[in-house]
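Tertiary structure, described
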Amino acid sequence: MLDIELFRENTANLIRADHDKRGISHDKIDRVISLDNEWKNALQKMELARRERNEAARNISEAKKSGDAERADKIMLEVKNIGTAISELDNQANNLLEQRDAIRMTIPNILHDAVPVGADEGGNTVHSLHGSKQEYDFDVRTHNELIEMNNWVELERAAKIAGSRFFFLKGDLARLELALQQHTIDLLTGKGFTFVQPPAMMNRAAYEGVTDLADFEMVMYGVEPDKLYMIATSEHPLTAMFMDEVIEPSLLPIKMVGISQCFRREVGAHGLSDRGIWRVHQFTKIEQIILSHPDDSWQHHEELLQNCIELWDSLEIHYEVVNICTGDMGTVAARKYDLEAWLPGAGSYKEVVSCSNCTDYQANRLRMRYRTSEGNESVHTLNSTAVATSRALVAIMEQNQLADGRVEIPKVLQPFMGGQTTLEPCQW
RNA sequence: GCGGAGAUCGCAUAGUCUGGUAUUGCGCCGGCCUUGAAAGCCGGUGGUGUAAGCCACGGGAGUUCGAAUCUCUCUCUCCGCGCCA
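Residues numbered from 1 in each chain as written. Chains lettered and ligands numbered in written order. Predicted model: local features only at pLDDT ≥ 70, side-chain atom pairs only at ≥ 80, totals over all residues. Heavy atoms only, no water.

Quick look at the overall build of chain A
Formally: Helix and strand labels come from DSSP, where a helix needs a run of H or I of at least four residues and a strand needs a run of E of at least two; each type is numbered from the N terminus. Classification of residues uses two cut-offs on accessible area relative to the type maximum, computed with a 1.4 Å probe and protein chains only: under 20% is buried, over 50% is exposed, and between them is partly exposed. In what follows, a contact means two residues having at least one pair of non-hydrogen atoms within 4.5 Å. Note on areas: these come from Shrake-Rupley sampling with a 1.4 Å probe, and a residue is covered only by the protein chains present in the view. The charge count treats Lys and Arg as positive and Asp and Glu as negative. His and the chain ends do not count. Where a charge lies is defined by one atom per residue type: Lys uses NZ, Arg uses CZ, Asp uses CG and Glu uses CD.
Check the secondary structure of chain A and you find 13 helices and 18 strands. In terms of overall dimensions, chain A has C-alpha extents of about 100 × 45 × 40 Å along its principal axes. Evaluated residue by residue, chain A yields a buried proportion of 49% over its 428 residues. Sequence-distant contacts in chain A: of pairs separated by 6 or more residues, those separated by 24 or more amount to 73%. Accessible surface for chain A amounts to roughly 20700 Å². Of this, 49% is attributable to carbon and sulfur atoms. Of the side-chain charges in chain A, 45 are positive and 66 negative, and the distance between the mean point of each set is 5 Å.

Digging into the pairing of strand β13 (residues 348-357)
We apply this condition: Pairs of strands are assigned from DSSP output, requiring at least two bridges between the strands.
Along β13, 7 of the 10 residues are buried, which leaves the element largely enclosed by surrounding structure. The pairing of strand β12 (residues 335-343) with β13 spans 9 bridges and is classified as antiparallel. Of the residues in β13, the one forming a bridge with Lys336 is Ser356. Where β12 folds back on β13, the antiparallel hairpin that results is connected by 4 residues, among which Gly347 adopts a positive phi of roughly 70°. Here β13 runs beside strand β16 (residues 380-388); their pairing, made up of 3 bridges, is antiparallel.

Overview of helix α4 (residues 82-104)
The test is simple: Expected helix span is computed as 1.5 Å times (number of residues minus one).
In this model α4 runs 33 Å from its N-terminal to its C-terminal C-alpha over 23 residues, within 8% of the 33 Å that 1.5 Å per residue would give. Looking at the packing, one finds that the buried side of α4 touches α2 (27-65).

Concerning the protein's contact with RNA strand B
This is how it is decided: Any residue with a heavy atom lying within 4 Å of a molecule or strand is counted as near it. Residues adjacent in sequence count toward polar contacts only when both atoms are side-chain atoms; beyond that, a polar contact is any pair of N or O atoms within 3.5 Å, and within protein one must be able to donate a hydrogen and the other to accept it. Each residue gets one of three labels, nonpolar for Ala, Val, Leu, Ile, Met, Phe, Trp, Tyr, Cys and Pro, charged for Asp, Glu, Lys and Arg, and polar for the others, Gly among them.
If you check the shell around RNA strand B, you find 20 residues, and the closest are Glu5, Ile60, Met76, Lys80 and Arg371. Taken together, the sugar and phosphate atoms account for 61% of what RNA strand B places within 4 Å of the protein. Take Arg51: an N or O atom from its side chain is 3.3 Å from a sugar or linking oxygen of RNA strand B. Lys80 is positioned with one of its side-chain polar atoms (N or O) 2.9 Å from a phosphate oxygen of RNA strand B. For the surface near RNA strand B, the residue count by class is 5 nonpolar, 5 polar and 10 charged.

Let's talk about unusual backbone geometry
Each neighbour pair has its own omega, and for Leu252 with Pro253 the value is -5°, a cis peptide bond. Note on placement: Pro253 falls in the loop between β8 (246-247) and β9 (254-263).

A few points about the sheet that holds strand β15 (residues 375-378)
Sheet strands line up and pair through hydrogen bonds in the backbone, either parallel or antiparallel. Read across the open sheet, the 3 strands follow the order β8-β14-β15; overall the sheet is mixed. If you trace the sheet from one side to the other, it starts and ends with β8 and β15, each paired once. In this structure, strand β14 (residues 369-372) lies alongside β15, joined through 4 bridges in antiparallel fashion. Looking at the pairing, Arg371 lines up with Asn376 of β15.

What about the pairing of strand β10 (residues 282-292)?
Two faces make up the sheet, and in a regular strand the side chains alternate between them. When you tally the buried positions in β10, you get 10 out of 11 residues, the bulk of the element. In terms of strand pairing, β9 meets β10 through 10 bridges, oriented antiparallel. What sits directly across from Ile259, in β10, is Ile286. The pairing of β10 with β16 spans 8 bridges and is classified as antiparallel. Of the residues in β16, the one forming a bridge with Lys285 is Ala388.

Describing the pattern of salt bridges
Definition in use: We define a salt bridge as a side-chain nitrogen of Lys or Arg found within 4 Å of a carboxyl oxygen belonging to Asp or Glu.
Enumeration according to the criterion identifies 24 salt bridges in this entry. A salt bridge links Arg204 to Glu208; the shortest N-O distance between them is 3.1 Å. Here the residue Arg204 and the residue Glu208 both occupy positions in helix α8 (residues 204-210), the gap between them amounting to 4 residues, near one helical turn. With a relative accessible area of 30%, Arg204 lands in the partly exposed category.

With respect to the side chain of Ser384
The residue Ser384 is located in strand β16 in this model. Once residues lying within four places of it in the same chain are set aside, the contact partners of Ser384 are Glu287, Gln288, Leu304, Cys308, Val353, Ser354 and Cys355.

Focus on the environment of Lys255
Tracing the sequence through the fold places Lys255 in strand β9. Looking at Lys255, the relative accessible area reads 19%, which means it is buried. Counting along the chain gives 128 residues from Lys255 to Asn383, while the straight-line C-alpha distance between them is 9.9 Å. Other than its neighbours up to four places away in sequence, Lys255 contacts Gly192, Phe193, Thr194, Ile289, Ile290, His300 and Glu303. Within polar-contact distance, the side chain of Lys255 engages the side chain of Glu303 at 2.7 Å.

Some thoughts on the packing of aromatic side chains
We count it as follows: Any two rings among Phe, Tyr and Trp, with Trp reduced to its six-membered ring, count as a pair given centres within 6.5 Å; such a pair is stacked if its planes are under 30 degrees apart, edge-to-face if over 60, and tilted if neither. Cation placement over rings: the criterion is NZ of Lys or CZ of Arg within 6 Å of the ring centroid and within 35° of the ring normal.
Summed over all chains, the structure comprises 5 aromatic pairs. Taking 6.5 Å as the distance between ring centres and 75° as the angle between the ring planes, the aromatic pair formed by Tyr207 and Tyr229 counts as edge-to-face. With Tyr207 in helix α8 and Tyr229 in strand β7 (residues 228-230), the pair connects residues that are 22 residues apart, well separated along the chain. Of the two residues, Tyr207 and Tyr229, neither departs from the other in class, the shared state being buried. Grouping aromatic residues by their ring pairs yields a cluster made of Tyr207, Phe216 and Tyr229. Directly above the aromatic system of Trp342 lies the positively charged group of Lys133, at a separation of 4.1 Å from the ring centroid.

Quick word on the domain arrangement of chain A
Applied cut-off: Domain start and stop positions are those given by an automatic or database domain assignment.
Here chain A is described as being made up of domain 1 (4-104) and domain 2 (121-423). Using C-alpha coordinates to define each centre, domain 1 is positioned 44 Å away from domain 2.

See the structure below:
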């Protein structure tokens, strides 16, 4: 959510310029500005009424103290009905405020200047290329074929007990998943990130602070009757962790590496490319989070990307870094890089990492500030996938496959697998 | 799950019984002093508004001219009991 101050005076031009870049109309901006003015007027009226009541209350108090019961009774009679008048004015003002903020919540963040302009994902630009396409002297298999021939994943039995798009992970591939976690956490804690394991469920108030509300209904699993939501990523609890707090500036930047199971309904997601374990309802993801001073957030955004590059280079995976364009950005991020890994079986680059600077957009909603000598300012929030293990496994399987269907284990993960160099088939 | 006690500004605390508009300390910021720092002293330090003012005592509702204070309700924390990986 954008700071309301931006809508006032000539700073609203910044929002207008951003909407022009995104190719959307200014209607919502104008609506917020006019509702803000109406609200301020309504608030003024209500405050005057309250002032009157406060004065009366003070006078009654004084009259009683001086023993003038008659005068106290007289004033009490005069202001008998002021309470109902105030609550009516209060309702009017609150109504306007709610309308204003309901619209404000849907207005997207202001994009960084470097974001390329484009209508959709076709407008994304390549930032950098890492590694190169490997040559295979046999017909490459898709990850679906590899997991099936090696008995590494059970989709049908998972569907039987839970539903489609759930999976059992078995044998060496499950061990590799754990190795990926350990390697990633070691690398990031070595860079000063604090390892944090968050709650896997969150309440609605916290959720409204971190996510786009239109996405929310499509993505989240609700847990009844407790009115909780299964987290879609550890980004959400880690970012919301300091909700409603004023953070000591000496604590900034707060760097965290979180791990969690991620739960997504994936409503409407279908298609051949989504078979196997590429797009599933539940997966493990390791996430980098930084809560930063506003002045440092762009530097930290690059730092998060560099960490991803170091991690994925260490796995010897071929991928490209993509600069996400205006039309593909979404509401929360001001700038976003994706890492797209080459999948030889699928014959395309596909998203494995998303690295965003959300500036003060989430922090404004979460009321998450730091202390300055002039008052409290919103912090900036940044998040980046380190590794979503299911997708990383797909990339490793497809890129490192051998003619017989086994898979070479990335060298850096071999120590976590007892020195083993290839993933062997599961017996059942 | 049952019983009891609690939630007050960044932290800690007074005020709650008996309704009259939030106390004090720490921390932090600024100033004085100092070669510099510490200490000491002075001032400032919840939100909003240009301001008068209005709002704010965990959230919501109620009683009242007036609620931190009384009533109801929800959430969370602590203590004891029960159950439990």
